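# Architecture at a glance
Chain by chain, the residues run as shown.
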Amino acid sequence: NLKKVGKDGKKIIKKHKIWPSKPPLSWLSEAVFNLKQSQKIIKKQGVTVIFSADALNTLSILPLRIFYKKLKIYFFSPDYSEKRFANPLLNAIYHILYSLSLRFSDKTFVVSQRIYEHLTKKYPNKIVFLPNSPVFKNTPKVAPNKKNKLSLVFCAGRLTERVNLKGIIEALKILKK
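From a predicted model like this one, the values you see are computed outputs, not experimental measurements.

## Comments concerning the overall build of the protein chain
What the protein chain contains, in helices and strands, is 5 helices and 6 strands. Counting from the amino terminus, the protein chain carries its helices and strands in the arrangement β-β-α-β-α-β-α-β-α-β-α. Evaluated residue by residue, the protein chain yields a buried proportion of 24% over its 177 residues. Taking contacts inside the protein chain between residues at least 6 apart in sequence as the whole, the part at least 24 apart equals 42%. Of the roughly 13,800 Å² that the protein chain leaves accessible, carbon and sulfur atoms contribute 60%.

In structure tokens:
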């Protein structure tokens, strides 16, 4: 960002793109951005749990554990693949990042039963199966007029500063009663 002073004496901030836009260099800029944004949110809102969307995001926030010992990191892995990239070097880097994310996250959520079974062999207490859609054969039928206090599920597309996360948590506590 460049700062200039306008005619009225007020500061004007002009944004200029300084990070590379093509992989793999763009991945570094994404990691730095995630680290900075996560630290800001932790400081401002006192967040103690971070959900990361892929291996790169998970690794980019791991250094925060140095300063925030109680921080929990949950790695959401929606699309693991043995051969993610045609380029063998990129594929090897992907597997290294993925393995480190599995190792250092507190929990890893996967959407595929096959991947769940594969990963629980190596990380039996860290992998959680969270399918993209319900497994209806495993879901008990419940009459719509009966309330089950522990069956509430909340989904949010994007947890940013604009989402009142503390308010949502308080509302969930009230609903649980």
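What follows continues from the structure just given.
## Notes on the sheet that holds strand β3 (residues 49–52)
Read across the open sheet, the 4 strands follow the order β3-β4-β5-β6; overall the sheet is parallel. For this open sheet the edge positions go to β3 and β6 (127–129), each flanked by a neighbour on one side alone. Each strand of the sheet is rotated relative to its neighbour by a mean of 25 degrees, with strand direction disregarded. Of the strand pairs in this sheet, strand β4 (residues 72–77) and strand β5 (residues 107–110) are connected by 4 bridges, and their pairing is parallel. Bridge assignment links Phe75 to a residue of β5, and that residue is Thr108. Sitting on the sheet, helix α3 (residues 88–104) touches β4, β5 and β6, and the angle it makes with β4 is about 135 degrees. Contacting β5 and β6, helix α4 (residues 113–120) runs over the sheet at an angle of about 160 degrees to β6.

## Notes on the pairing of β4
Here β3 pairs with β4 via 4 bridges, running parallel. Of the residues in β4, the one forming a bridge with Phe51 is Tyr74. For the crossover that starts at β3, traverses helix α2 (residues 55–61) and ends in the parallel β4, the hand is right-handed. Since β4 and β5 lie parallel, the crossover through α3 that links them has a hand, and here it is right-handed.

## Looking at the side chain of Ser77
Checked against the element boundaries, Ser77 lands in strand β4. Within the local environment of Ser77, its side chain forms a polar contact with the side chain of Tyr98, the two groups lying 2.5 Å apart.

Reading guide: rules and limits
- Residues numbered from 1 in each chain as written.
- Predicted model: local features only at pLDDT ≥ 70, side-chain atom pairs only at ≥ 80, totals over all residues.
- Heavy atoms only, no water.
- Helix = DSSP H or I, 4+ residues; strand = E, 2+ residues; numbered from the N terminus.
- Buried < 20%, exposed > 50% of the residue type's maximum accessible area, 1.4 Å probe, protein only.
- Contact = heavy atoms within 4.5 Å.
- Areas by Shrake-Rupley, 256 points an atom, 1.4 Å probe, with all protein chains shown as cover.
- Pairing = 2+ DSSP bridges.
- Axes fitted to C-alpha atoms, helices over the stretch in contact; angles between N-to-C directions.
- Right-handed = clockwise from strand over helix to strand, strands pointing away.
- Polar contact = N/O pair within 3.5 Å; in protein donor to acceptor, adjacent residues only side chain to side chain.

Remember, this is a structural readout, not a statement about activity or role.
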